[in-house]
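Here is what each chain is made of, one letter per residue.
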Amino acid sequence: MLVKGKKTLFQDFYFFETLTGMIITLKEFFFGTKVTISYPEERRQYSERLRGQHYIKATNGVENCTACMLCPTVCPSECIHIEAGERQDKEKYPKTFEIDILRCCFCGMCEEACPKDAIKLSTIMEMSTSYRPIYDRAFLSEQRGNK
Ligand code: SF4
Ligand code: SF4
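Rules and cut-offs
- Residues numbered from 1 in each chain as written.
- Chains lettered and ligands numbered in written order.
- Predicted model: local features only at pLDDT ≥ 70, side-chain atom pairs only at ≥ 80, totals over all residues.
- Heavy atoms only, no water.
- Helix = DSSP H or I, 4+ residues; strand = E, 2+ residues; numbered from the N terminus.
- Rg over C-alpha atoms; globule rule 2.2 N^0.38 Å.
- Areas by Shrake-Rupley, 256 points an atom, 1.4 Å probe, with all protein chains shown as cover.
- Expected span 1.5 Å × (residues − 1).
- Buried < 20%, exposed > 50% of the residue type's maximum accessible area, 1.4 Å probe, protein only.
- Near = heavy atom within 4 Å.
- Nonpolar A, V, L, I, M, F, W, Y, C, P; charged D, E, K, R; others polar.
- Core = buried A, V, L, I, M, F, W, Y, C linked by side-chain atoms within 4.5 Å.
- Contact = heavy atoms within 4.5 Å.

1. Notes on the overall build of the protein
Here's step 1: Scanning the protein for helices and strands turns up five helices and seven strands.
Here's step 2: Helices (α) and strands (β) of the protein occur, in sequence order from the N terminus, as α-α-β-β-β-α-β-β-α-β-β-α.
Here's step 3: Compactness check: the protein gives a C-alpha radius of gyration of 27 Å against a globular reference of 15 Å for 147 residues, more than 25% above the reference.
Here's step 4: Considering only C-alpha atoms, the protein reaches an extent of 90 × 45 × 30 Å along its principal axes.
Here's step 5: For the protein, the exposed surface amounts to about 11,200 Å²; the carbon and sulfur share of it is 56%.

Structure follows, in structure tokens:
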């Protein structure tokens, strides 16, 4: 049978435990490691392996994408929408190229599947917006300039 020991008034108020907790809190408050940053003035350094915002690569000013539709086919989130057009040199190009970034899970499968090395994921993560972000062709090309 479990016999409970008699507690003193000092123990009843958990004085020692409360004091220890307060000392730890104050120590962390004044001398602890800083875990937050003042975004956007400060930016975090991400790993080179991070899969961040997409961009469309270009060669000699012409985007590599030939609207082959492989990336929307493999995309598990079905968040890529492409409409193909035809260029003067008879090569196809993406007349419309949109990524619904709120549905994207940043798996990188579009990048893996692309035979033209056109769609890439950067190490940039600037996702804070007040609207639903759809990355269109102009934005994806503009992002290339940040690389
Ligand atoms: S990273 Fe994955 S989920 Fe996002 S667009 Fe590419 S394939 Fe789709
Ligand atoms: S980005 Fe690559 S995989 Fe996607 S449509 Fe263009 S060429 Fe095809």
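2. Focus on helix α2 (residues 15-31)
Here's step 1: Spanning 17 residues, α2 covers 24 Å between terminal C-alpha atoms, matching the ideal 24 Å at 1.5 Å per step.
Here's step 2: The buried count for α2 comes to zero of 17 residues, which makes it a mostly uncovered element.

3. As for the site of ligand 1
Here's step 1: In the region of ligand 1, 13 residues are neighbours, and C75, C104, C107, G108 and C110 sit closest.
Here's step 2: Among the residues making up the shell around ligand 1, the classes are represented as ten nonpolar, three polar and no charged.

4. Focus: the nonpolar core
Here's step 1: Grouped together as the largest cluster of nonpolar side chains are 20 residues, with contacts concentrated most on C71, I80, F97, I99 and I119.
Here's step 2: Those elements giving two or more residues to this core turn out to be β4 (80-86), β5 (92-100) and β6 (119-121).
Here's step 3: Sequence-distant contacts of I80, defined by excluding residues within four places in its chain, comprise C71, P72, C75, F97, E98, I99 and C110.

As far as function goes, none of this settles anything; it's purely spatial.
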